[in-house]
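Below, each chain spelled out in residue letters.
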Amino acid sequence: MTAFFALTTSLLWGLADFGGGLLTRRTPALTVVVVSQAIAAVVLGVIVVATGGWSEAGPRLWFAVAAGLAGPLAVFSFYKALALGPMGVVSPLATLSVAVPVGVGLVLGERPGALQVAGIAVAVTGVVLAGGPQLRGAPVQRLTILLTLVAALGFGTVFALITEASTNVTGLFLSLFVQRVTSVAAGGAALYASVRRGTPALPEGGLPQASLPALAFVGLADVAANGTYAVAAQHGPVTVAAVLASLYPVVTALAARGFLSERLRAIQAAGAGLALLGTLLLATG
């Protein structure tokens, strides 16, 4: 069950990142984050009302609030780092986010077996290589590295916090709703401040109506990934769930290959193969 839900998380996050990346080519990143998360919040609100999720309100929701604050900061830092580039450094370095939940799992007493340790090492290496690391070129700005590390820390923190925000499915819906409302509030405040400084919130001509389904998909895929990861981490070792969930860059690279006909570099293809091997080792360990 842990492997299934964690791999589902990777699939959803990978597709959400692919869709978000396409949208930010024409629409400011903050606008994409706020609108997509707002759509997800509305859908989750309906689910919470329908399932009576309010009965699960309690102190654990503070974990969801914290995750809601860390998420927009991580996404903004990640997109800013990608804008500064090079992507061949930013994307693989961001996968260090897996260190946070894995570290939490080890502190809490989880001790993966030898085969799982090998699987973790192989899978993480594969994910880094699948990002297409830049092996040569101009020096990278310190700000780019700093922003990428902030993004990695933020993503990893969300991994860890959302696991603690609920203990059952109904509570999970409520915690995801609170997380999204917090994200929209924090992202909306940042967007308002950005507009006040003169940065347009919308592209010229306004937000294309055709982009609304894509924004909805990005928001709903992201929130669904948070949910499947929480289930994976609650039903199995966090060290395994976190590594399998971190395979999403492989999905993004394959989506770019399938939909945009982008050619995978040799190092990316090798990384995808290693990630698959690591997944098999983790699943059988």
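What counts, and at which threshold
- Residues numbered from 1 in each chain as written.
- Predicted model: local features only at pLDDT ≥ 70, side-chain atom pairs only at ≥ 80, totals over all residues.
- Heavy atoms only, no water.
- UniProt positions renumbered as here; feature names shortened; annotations may be inferred.
- Helix = DSSP H or I, 4+ residues; strand = E, 2+ residues; numbered from the N terminus.
- Buried < 20%, exposed > 50% of the residue type's maximum accessible area, 1.4 Å probe, protein only.
- Contact = heavy atoms within 4.5 Å.
- Areas by Shrake-Rupley, 256 points an atom, 1.4 Å probe, with all protein chains shown as cover.
- Expected span 1.5 Å × (residues − 1).
- Axes fitted to C-alpha atoms, helices over the stretch in contact; angles between N-to-C directions.
- Parallel < 35°, antiparallel > 145°, perpendicular 65-115°, else oblique.
- Left-handed = near helix turned anticlockwise from the far one by under 90°.
- Nonpolar A, V, L, I, M, F, W, Y, C, P; charged D, E, K, R; others polar.
- Core = buried A, V, L, I, M, F, W, Y, C linked by side-chain atoms within 4.5 Å.
- Salt bridge = Lys/Arg side-chain N within 4 Å of Asp/Glu carboxyl O.
- Phe/Tyr/Trp six-rings, centres within 6.5 Å; stacked < 30°, edge-to-face > 60°.
- Patch = residues over 30% accessible without salt bridge, like charges linked within 9 Å, V, L, I, M, F, W, Y side chains within 5 Å.

With an unreviewed UniProt entry as reference, the protein chain is termed EamA domain-containing protein, source organism Streptomyces diastatochromogenes. In its Sequence similarities (unreviewed entry) section, UniProt records this for the protein chain: "Belongs to the EamA transporter family."

1. Structural notes on the overall build of the protein chain
When helices and strands are counted, the protein chain shows 12 helices and 0 strands. Going from N to C terminus, the protein chain has its helices and strands arranged as α-α-α-α-α-α-α-α-α-α-α-α. Put simply, the protein chain has 285 residues, and 47% of those count as buried. For the protein chain, the proportion of contacts with a sequence separation of at least 24, taken over those separated by at least 6, is 92%. Carbon and sulfur atoms make up 70% of the accessible area of the protein chain, which amounts to about 13,400 Å² in all.

2. Brief notes about helix H2 (residues 29–51)
Look at H2: 33 Å from first C-alpha to last across 23 residues, which is about the 33 Å you get at 1.5 Å a residue. In the stretch just after H2, glycine 52 is the one whose phi turns positive, near 70°.

3. Details of the packing of helix H9 (residues 211–234) against helix H10 (residues 238–245)
One can describe the packing of H9 onto H10 by two numbers: an axis separation of 8 Å at closest approach and a directional angle of 150°. Overall, the two elements H9 and H10 adopt an arrangement that is roughly antiparallel. As for the relative orientation of H9 and H10, their crossing is right-handed in sense. On H10, the residues touching Tyr229, Ala232 and Ala233 of H9 are Val238, Ala241, Ala242 and Ala245. Per-class residue counts for the contact of H9 with H10 are 7 nonpolar, no polar and no charged.

4. What about the nonpolar core?
Grouped together as the largest cluster of nonpolar side chains are 38 residues, with contacts concentrated most on Trp13, Phe159, Leu176, Tyr229, Ala242 and Val243. Apart from residues lying up to four places away in sequence, tryptophan 13 is in contact with Phe159, Asp222, Ala225, Asn226, Tyr229, Ala245 and Tyr248. Core analysis: the next-biggest nonpolar cluster, separate from the first, contains 5 residues, Ala74, Phe78, Ala94 and Ala151 among them.

5. Details of the packing of helix H1 (residues 2–23) against H10
Where H1 contacts H10, the axes come no closer than 7 Å and their chain directions differ by 30°. One finds that H1 runs roughly parallel with respect to H10. The way H1 lies across H10 gives a crossing that is right-handed. Seen from H1, the contacting residues are Thr2, Ala3, Ala6, Leu7, Thr9, Ser10 and Trp13; seen from H10, they are Ala241, Leu244 and Ala245. Of the residues assigned to the contact of H1 with H10, the class counts are 7 nonpolar, 3 polar and no charged.

6. Details of the pattern of salt bridges
Two side chains carrying opposite charge are able to pair once their charged atoms lie near each other. Under the counting rule described, the total for this entry stands at 1 salt bridge. Note that arginine 180 and aspartate 222 form a salt bridge whose closest N and O atoms lie 2.8 Å from each other. In this pair, arginine 180 sits in helix H8 (residues 169–196) while aspartate 222 sits in helix H9, placing the two residues 42 residues apart along the sequence. By relative accessible area, which is 1% here, arginine 180 ends up buried.

7. A few points about the packing of aromatic side chains
Applying the stated criterion across every chain yields a total of 4 aromatic pairs. With a centroid separation of 5.3 Å and an interplanar angle of 80°, the aromatic rings of phenylalanine 4 and phenylalanine 5 are classed as edge-to-face. For phenylalanine 4, a relative accessible area of 56% gives the class exposed. Judged by its relative accessible area of 23%, phenylalanine 5 is partly exposed.

8. Looking at the UniProt feature "transmembrane region" (unreviewed entry) in the protein chain
When the UniProt feature table is mapped onto this chain, "transmembrane region" (unreviewed entry) is found at residues 28–49, 61–79, 85–107, 114–131, 143–162, 238–260 and 266–284. Taken as a whole, residues 28–49 contains 95% helix and 0% strand, while its terminal C-alpha atoms sit 32 Å from one another.

9. Here we look at the environment of proline 203
Inspection of the secondary structure puts proline 203 in the loop between H8 and H9. As for proline 203 and threonine 27, which are separated by 176 residues in sequence, their C-alpha atoms are 5.6 Å apart.

10. Things to note about a nonpolar patch on the surface
Judged by side-chain polarity, Leu73, Leu143, Leu146 and Val150 come together as a nonpolar surface patch covering roughly 340 Å² of accessible area. No other element matches the 3 residues that helix H7 (residues 142–164) contributes to the nonpolar patch. When you line up the elements, leucine 73 lands in helix H3 (residues 61–84).

11. Quick look at the environment of glycine 219
Within the element layout of this structure, glycine 219 appears in helix H9. Taking relative accessible area as the criterion, glycine 219 reaches 0% and is therefore assigned buried. Note: C-alpha distance between glycine 219 and valine 35 (184 residues apart in sequence) is 8.0 Å. Beyond its immediate stretch of four places on either side in the chain, glycine 219 contacts Ser36, Gln37 and Ala40.

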